Amino acid sequence: MVKAVVAGAAGGIGQPLSLLLKLNPLITELSLYDVVNSPGVAVDLSHINTPAQVKGFLPENNGAEEALKGADIVVIPAGVPRKPGMTRDDLFVNAGICATLAQAIANAAPKAFILVISNPVNSTVPVFAEVLKKSGAYDPKRLFGVTTLDVVRAATFVSSVVGKPLDAPKYNVPVVGGHSGATILPLLTQSEPQIPAAILNDQAKRDALIKRIQFGGDEVVEAKNGGGSATLSMAQAGAHFANLVIQAAFAGKTTVVQSYIDLEAAPGGKGVQKEIGSDLAYFSVNVELGRDGVQNILPIGNIDDQEKTLLAAAVKELGPSIEKGVQFTPAPPKL
Ligand SMILES: NC(=O)C1=CN([C@@H]2O[C@H](COP(=O)(O)OP(=O)(O)OC[C@H]3O[C@@H](n4cnc5c(N)ncnc54)[C@H](O)[C@@H]3O)[C@@H](O)[C@H]2O)C=CC1
Ligand SMILES: O=C([O-])CC(=O)C(=O)O
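Quantities reported herein were computed from a predicted structural model and do not represent experimental measurements. All chains use their own residue numbering, which begins from 1 and follows the written sequence. Numbering of ligands from 1 and lettering of chains from A proceed in the order in which they are written. Where local features are concerned, this predicted model is filtered to residues with pLDDT of at least 70; where side-chain atom pairs are given and counted, the filter is 80 or more; whole-chain, interface and lining totals use all residues.

Undergrad: Help me understand the environment of serine 284, please; the structure alone is not making it clear to me.
TA: When you line up the elements, serine 284 lands in strand 10 (residues 282-290). It is 7.8 Å that separates the C-alpha atoms of serine 284 and valine 175, two residues lying 109 residues apart in sequence. Distance between backbone-placed C-beta atoms decides contact: two residues are in contact if it is within 7 Å. Residues contacting serine 284, with those up to four places away along its chain left out, are Gly145, Thr147, Val176, Gly177, Gly178, Gln258, Ser259 and Tyr260. Here a helix means four or more residues in a row that DSSP labels H or I, a strand means two or more in a row labelled E, and each is numbered from the N terminus.

In structure tokens form, the structure reads like this:
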């Protein structure tokens, strides 16, 4: 019996994400929360003959906490998306929404796994952590910034450059760091299957591949031309990540994935701080998922000189974004 909640469920990501979660046979209860339209989305999904019992909630009558009561996992794509010309940092307006949702989770579902999709992830994850800490409900093992779309894109773009696009599902290219531009660090040298040396040693090809993975989000923002950012690919990535968290917690199936987490979540975080030469509190790392969420933080491992240079750039850009999230003070609630 697993209860999942989507916050921001009526949005561009929220709707297809809710659909994919409704199709997950491990989920028995699915609550959809949004400030608009969630009851309609819920009734629509509720006609699908899979186990999950779907209900929609609006803010009225303490709807957020009603939706969250007893949740095992909360997935959060609530907030404004980018338009062309904006950076993810321009979305820091979403911090207030994140703080409100964090408080509702602290009150109603303090043991839930929390998967943060809302941008800027580099800052919104620290916002969640700070609010949860103030309520005594913070468990760093259970808070995840969802960076899965970067991993999904890396597999797709690498398989294409290698000339094997039909093998995209077989590719595993770890992506560490954060979730914006230069903080996104694809580890091409660790790709499985390996990328042929002829491509890795072709500097122009390699640079183009890295840039495409780092700025894949912009590609979608520009193509949608004012109509928002990635929604369908994000929904797939988010539902996949949620499924891995659920499988590890409730079906005993441990896996290793990358996610943006508090490096204090498990002892291995100290080792990563040594590898990155910084005491950054948050980083997207190789996470072993288990019953309680983050079971182990694994090393980044061997990287080459170019990756070391990119790592230094990622660390430099991440510091201020983390600090901005940590320092954010939510506005007092309206009386
Ligand atoms: N982590 C990642 O890799 C990615 C993150 N994103 C981010 O996800 C977020 C959502 O993107 P879209 O779904 O395209 O936006 P959208 O505007 O289509 O949907 C956002 C939804 O959030 C709802 N919402 C607003 N305030 C709320 C609140 N206080 N509580 C609950 N729901 C609330 C809105 O009513 C709307 O339905 C954006 O911040 C975007 O940048 C997008 C793609 C990838
Ligand atoms: O680019 C954006 O604003 C949305 C996002 O995070 C992504 O697609 O990776």
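Undergrad: Sorry if this is basic, but what is going on with the nonpolar core here?
TA: Side chains that are nonpolar tend, in soluble globular proteins, to be buried together. Only buried Ala, Val, Leu, Ile, Met, Phe, Trp, Tyr and Cys residues enter a nonpolar core, and they are joined through C-beta atoms within 7 Å. Exposure is read from a count of other C-beta atoms within 10 Å of each residue's own; the residue is exposed at 12 or fewer, buried at 20 or more and partly exposed in between. C-beta atoms are placed from the backbone. By size, the foremost hydrophobic cluster in this structure holds 108 residues, and its most contacted members are Ile73, Val74, Leu115 and Phe128. Counting residues per element, this core draws most heavily on helix 10 (residues 232-250), at 10 residues.

Undergrad: Whenever I open this one, the site of ligand 2 confuses me. Can you help?
TA: Nearness is defined per residue: the C-beta atom, placed using the backbone, must lie within 6 Å of the molecule or strand. The full set of residues close to ligand 2 is Pro81, Arg82, Arg88, Asn119, Leu149, Gly217, Val220, Val221, Ser229 and Ala230. Split by residue class, the shell around ligand 2 holds five nonpolar, three polar and two charged. Nonpolar residues are Ala, Val, Leu, Ile, Met, Phe, Trp, Tyr, Cys and Pro. Charged residues are Asp, Glu, Lys and Arg, and all others, Gly as well, are polar.

Undergrad: For this particular structure, what's the right way to read the site of ligand 1?
TA: In the region of ligand 1, 34 residues are neighbours, and Gly8, Gly11, Gly12, Ile13 and Asn119 sit closest. Per-element accounting of the shell around ligand 1 gives the leading share, four residues, to helix 4 (residues 94-108). Grouping the amino acids of the shell around ligand 1 by side-chain chemistry returns 19 nonpolar, 13 polar and two charged.

Undergrad: Is there a simple way to explain the packing of helix 4 against helix 5 (residues 121-134) in this structure?
TA: The relative placement of two packed helices comes down to the angle between their axes together with the axis-to-axis distance. Interhelical geometry of helix 4 versus helix 5 gives an angle of 35° and a closest axis separation of 9 Å. You can see that helix 4 and helix 5 cross each other, and the crossing is right-handed. Note on element contacts: helix 5 touches helix 4 through Ser123, Thr124, Val127, Phe128, Val131 and Leu132, opposite Asn94, Ala95, Cys98, Ala99, Ala102, Gln103 and Ala106. The residue makeup of the contact of helix 4 with helix 5, split by class, is nine nonpolar, four polar and no charged. Axis geometry follows a simple rule: fit a line to the C-alpha atoms, using only the stretch in contact for helices, then measure angles between N-to-C directions, giving values from 0 to 180 degrees. The hand of a helix crossing depends on one turn: near helix anticlockwise from the far one by less than a right angle means left-handed, and clockwise means right-handed.

Undergrad: Just checking my understanding: could you explain the UniProt feature "active site" (unreviewed entry) in the chain for this structure?
TA: With numbering matched to this structure, UniProt assigns "active site" (unreviewed entry) to His179. Structurally, histidine 179 can be placed in the loop between strand 7 (175-177) and strand 8 (184-186). Setting aside anything within four residues of it in sequence, one finds histidine 179 in contact with Val121, Asn122, Gly145, Thr147, Asp150, Ile184 and Tyr260. UniProt positions are given in the numbering used here, feature names are shortened, and annotations may be inferred rather than shown by experiment.

Undergrad: Would you mind going over helix 12 (residues 305-327) with me for this structure?
TA: One turn of the α-helix equals 3.6 residues, which is why residues spaced by three or four share an orientation. Over its 23 residues, helix 12 extends 34 Å from the first C-alpha to the last, a length consistent with the 33 Å expected when each residue adds 1.5 Å. In the structure, helix 12 departs most strongly from a straight axis at leucine 318, where the bend amounts to approximately 25° and where the proline proline 320 lies between one and four residues downstream. Taken together, the buried positions of helix 12 are occupied by Glu307, Leu310, Leu311, Ala314, Leu318, Ser321 and Gly325. Among the structural elements, helix 5, strand 7, strand 8 and helix 11 (268-276) are those in contact with the buried residues of helix 12. The span one expects for a helix is its residue count, reduced by one, times 1.5 Å. Bend, at a single residue, is the angle you get between axes fitted to the 7 residues ending at that residue and the 7 residues starting at it.

Undergrad: Teacher, can you tell me more about helix 6 (residues 148-161) here?
TA: For helix 6, which comprises 14 residues, the first-to-last C-alpha distance of 20 Å matches the rise-based estimate of 20 Å (1.5 Å per residue) to within 8%. Among the 14 residues that make up helix 6, 11 are buried, leaving the element largely enclosed by the rest of the structure. Turning to helix 6, its buried residues are Thr148, Leu149, Asp150, Val151, Val152, Arg153, Ala154, Ala155, Phe157, Val158 and Ser159. As for helix 6, its buried residues are in contact with strand 7, strand 8, helix 8 (203-214), helix 9 (216-224), helix 10 and strand 9 (255-262).

Undergrad: Teacher, can you tell me more about the UniProt feature "domain: Lactate/malate dehydrogenase C-terminal" (unreviewed entry) in the chain here?
TA: This chain's UniProt record puts "domain: Lactate/malate dehydrogenase C-terminal" (unreviewed entry) on residues 147-328. The annotated region residues 147-328 carries 49% helix and 16% strand content, and the separation between its end C-alpha atoms amounts to 22 Å.

Undergrad: Sorry if this is basic, but what is going on with the packing of helix 6 against helix 10 here?
TA: Their axes nearest at 8 Å, the elements helix 6 and helix 10 cross at an angle of 110°. Of the possible angle classes, the one that applies to helix 6 and helix 10 is roughly perpendicular. In the packing of helix 6 onto helix 10, the handedness of the crossing is right-handed. Contacts between helix 6 and helix 10 involve Thr148, Leu149 and Val152 on the former and, on the latter, Ser233, Met234, Ala237, Gly238, His240 and Phe241. The residue makeup of the contact of helix 6 with helix 10, split by class, is five nonpolar, four polar and no charged. Between 65 and 115 degrees an angle is taken as roughly perpendicular, under 35 as roughly parallel, over 145 as roughly antiparallel, and anywhere else as oblique.

Undergrad: Explain the pairing of strand 1 (residues 3-7) to me, please; I cannot follow it from the model alone.
TA: Strand residues, when the strand is regular, have side chains that alternate between the two faces of the sheet. Across the five residues that make up strand 1, a large majority, five, are buried. Going residue by residue along strand 1, you find Lys3, Val5 and Ala7 tucked away on one face and Ala4 and Val6 tucked away on the opposite face as well. For two strands to pair, DSSP has to find at least two bridges joining them. Across five bridges, the pairing between strand 1 and strand 2 (residues 29-33) is parallel. Residue pairing in the sheet places valine 6 in a bridge with leucine 32 of strand 2. The handedness of the strand 1 to strand 2 crossover, carried by helix 1 (residues 14-22), is right-handed. In this sheet, strand 4 (residues 73-76) lies alongside strand 1 in parallel orientation, the contact comprising three bridges. Among the inter-strand pairings, alanine 4 is bridged to a residue of strand 4, identified as isoleucine 73. Looking down the strands as they point away from the viewer, one classifies a crossover as right-handed if the path from the first strand across the helix to the second runs clockwise.

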